[in-house]
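# Coordinate inspection notes
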Amino acid sequence: MTPKKTAFKTAKKTDSSKTGKKPVLGAHESIAGGVFNAILNGERATCETVQMFNKSNSQWRAKVLTTEEVDRYFAEIERTGITVACSHSSYLINLASPDKALNKKSRLALKEEVERCNTLKIPNLVFHPGAHVGSGEEAGIARIAENMNRILSEVTDNTVTLCLETTAGQGTTLGRTFEELASMIDLVEDKDHVGVCMDTCHIFAAGYPITDPRDFKRTIKAFDNVIGLDKLNVIHLNDSKKEFGSNRDRHEHIGEGMIGIEAFRNFMNDRRLKKIPMVLETPKDDTLADDVRNLKTLRSLIK
Ligand SMILES: [Zn+2]
Ligand SMILES: [Zn+2]
């Protein structure tokens, strides 16, 4: 199908998001040197959408976003037509921590990230629910929800959805089952601003089969029954270096890991998932050749 010359950008967007013909694909891209670089890297990597950090992911402190940086970011979005599916929060944040100081630090840091996402008009902020560190699942879940409630009530004019990511279930991390995520969502008051990010590597490692088409259907149905597909805002497409049910989180190139290519064929062709942005978090170097290759693989699976 050839898009009309006059409305190329609009036609492209409509094709993927409204008619549901093709999934919207992209990758996590680096913001090193400025947030606009996520868009420029996305362009080089043939992304239709990107995930990005909104600050350095390994530090508590965030550098102030300058007007210049933000203006260039919006200009690059406008020029390329690339959307920003989501931002991923810092790995340091643990909303479930029983340590009072770390818990507070985590809440304030995530709140600041929500504010930055509002500035950058990023619709979803993906974060790992947290680890209860021996304090118990129920207590951990309650702390996560309480922190989410405080953040969502404190940020004025918020348009960002907090997306709990499914986890591989290593150690005391919470979010390894759909039920755990559902119980967090249950406790959040502002239901319009809470969602989920499903990571294929993580759910596979947590024991949800997705490779055989019937298993895949069952897993998606379980998600729909327990959480609801209307809450699924982002999908991370990663193959896994570790085996099924290993509870280990090690990403691999698409089709080159223990999950296998057939799982991604399932994801590429499920009608219900076509409106949900899907991003890679697979290994790569500065050339972004791996992203280009993985996206090509995914596109080749679309029927
Ligand atoms: Zn992920
Ligand atoms: Zn992971």
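Bear in mind that the values here come from a model prediction, so they are computed numbers and not experimental data.

## Quick look at the coordination of the zinc ion (ligand 1)
Taken together, Glu165 (OE), Asp199 (OD), His236 (ND1) and Glu281 (OE) make up the protein donors of the zinc ion (ligand 1), found 2.1 to 2.2 Å from the metal. For the zinc ion (ligand 1), the 4 donor atoms in the first shell make angles of 86 to 174 degrees at the metal, a pattern classed as irregular. In the primary sequence, the donor residues of the zinc ion (ligand 1) line up as E-x33-D-x36-H-x44-E. Residue classification places glutamate 165 among the buried positions, given a relative accessible area of 0%.

## Some words on the environment of phenylalanine 127
Checked against the element boundaries, phenylalanine 127 lands in strand β4 (residues 124-127). For the pair phenylalanine 127 and tyrosine 208, spaced 81 residues apart in the sequence, the C-alpha separation amounts to 20 Å. What phenylalanine 127 contacts, discounting residues up to four positions off in sequence, is Ser89, Leu95, Leu110, Met148, Leu162, Cys163, Leu164 and Glu165.

## Notes on the packing of helix α2 (residues 36-44) against helix α3 (residues 67-80)
The relative placement of two packed helices comes down to the angle between their axes together with the axis-to-axis distance. Contact geometry for α2 and α3: axes closest at 8 Å, N-to-C directions at 25 degrees. One way to sum up the angle between α2 and α3 is to call them roughly parallel. The residues of α3 that touch α2, namely those facing Phe36, Ile39, Leu40 and Glu43, are Glu69, Arg72, Tyr73, Glu76, Ile77, Arg79 and Thr80. Classifying every residue of the contact of α2 with α3 gives 5 nonpolar, 1 polar and 5 charged.

## Points about the nonpolar core
Leu237, Phe267, Leu273 and Leu298 are the most contacted members of the largest nonpolar core, which has 74 residues in total. Here this core gets 6 residues from one element, more than from any other, and that element is helix α5 (residues 137-154). Those residues in contact with leucine 298 that sit more than four places away from it in its chain are Leu25, Leu237, Ile254, Phe264, Met268 and Leu280. Counting residues in hydrophobic clusters, the runner-up holds 7 residues, among them Val126, Cys163, Cys197 and Val234.

## Side note on the pattern of salt bridges
In this structure the tally under the stated criterion is 15 salt bridges. In this structure, the salt-bridge partner of glutamate 48 is arginine 299, at a minimum N-O distance of 3.0 Å. One end of the pair, glutamate 48, is in the loop between α2 and β2 (49-52); the other, arginine 299, is in helix α10 (residues 289-300), with 251 residues separating them in the sequence. Where glutamate 76 meets arginine 72, a salt bridge forms, and the shortest distance between an N and an O atom there is 3.4 Å. Placement of both glutamate 76 and arginine 72 in helix α3 is noted, with a separation of 4 residues, approximately one turn of the helix. Assessed through its relative accessible area of 10%, glutamate 76 is described here as buried. A relative accessible area of 39% places arginine 72 in the partly exposed class. Within the structure, one salt-bridge network assembled from shared partners comprises Glu43, Arg72, Glu76 and Arg79.

## Some points on the packing of helix α4 (residues 100-119) against α5
Two elements in contact, α4 and α5, have axes separated by 10 Å at closest approach and are oriented at 40 degrees. Classified by the interaxial angle, the pair formed by α4 and α5 is oblique. For the crossing formed where α4 meets α5, the hand is right-handed. Here Asn103, Arg107, Leu110, Lys111 and Val114 of α4 come into contact with α5, specifically with Arg143, Asn147, Arg150, Ile151 and Glu154. Each residue belonging to the contact of α4 with α5 can be placed in one class, and the counts come to 3 nonpolar, 2 polar and 5 charged.

## Quick notes on the sheet that holds strand β3 (residues 83-88)
Think of a sheet as strands paired side by side through backbone hydrogen bonds, with each pair either parallel or antiparallel. Strands sit in the order β1-β2-β3-β4-β5-β6-β7-β10 around a closed barrel of 8 strands; the barrel is parallel. Going across the sheet, the axis of each strand differs from the next one's by a mean of 30 degrees, ignoring polarity. Direction of pairing for strand β6 (residues 194-199) relative to strand β7 (residues 232-237): parallel, over a ladder of 4 bridges. By the bridge assignment, aspartate 199 is partnered in β7 with histidine 236. Running at roughly 150 degrees to β7, helix α9 (residues 261-269) makes contact with β1 (25-28), β6, β7 and β10 (278-280) of the sheet.

## Let's talk about the coordination of the zinc ion (ligand 2)
Distances from the zinc ion (ligand 2) to its protein donors, namely His202 (NE2), Asp249 (OD), Asp249 (OD) and His251 (NE2), fall within the range 2.0 to 2.5 Å. Each of the 4 donor atoms bound to the zinc ion (ligand 2) contributes to angles spanning 54 to 135 degrees, and the resulting shape is irregular. In terms of primary sequence, the donors binding the zinc ion (ligand 2) are separated according to H-x46-D-x1-H. Taken as an interatomic distance, the gap from the zinc ion (ligand 2) to the zinc ion (ligand 1) is 4.4 Å. Here the residue histidine 202 occupies a position in helix α7 (residues 200-205), and aspartate 249 occupies one in the loop between β8 (239-240) and β9 (251-252), the gap between them amounting to 47 residues. We classify histidine 202 as buried; its relative accessible area is 3%. Accessibility expressed as a relative area gives 32% for aspartate 249, which makes it partly exposed.

## Let's talk about the confidence of the model for the protein chain
Model confidence for the protein chain is summarised by a mean pLDDT of 94, while 93% of its residues fall at 70 or above. This model gives residues 1-20 a pLDDT under 50, and the stretch forms 21 contacts once residues within four places in sequence are excluded.

About the thresholds
Residues numbered from 1 in each chain as written. Chains lettered and ligands numbered in written order. Predicted model: local features only at pLDDT ≥ 70, side-chain atom pairs only at ≥ 80, totals over all residues. Heavy atoms only, no water. Donors = N, O, S within 2.8 Å, 3.2 Å for Na, K, Ca; no water. Tetrahedral: all angles 85-135°; square planar, octahedral: opposite > 155°, others 65-115°. Buried < 20%, exposed > 50% of the residue type's maximum accessible area, 1.4 Å probe, protein only. Helix = DSSP H or I, 4+ residues; strand = E, 2+ residues; numbered from the N terminus. Contact = heavy atoms within 4.5 Å. Axes fitted to C-alpha atoms, helices over the stretch in contact; angles between N-to-C directions. Parallel < 35°, antiparallel > 145°, perpendicular 65-115°, else oblique. Nonpolar A, V, L, I, M, F, W, Y, C, P; charged D, E, K, R; others polar. Core = buried A, V, L, I, M, F, W, Y, C linked by side-chain atoms within 4.5 Å. Salt bridge = Lys/Arg side-chain N within 4 Å of Asp/Glu carboxyl O. Left-handed = near helix turned anticlockwise from the far one by under 90°. Pairing = 2+ DSSP bridges. pLDDT = per-residue confidence, 0-100.

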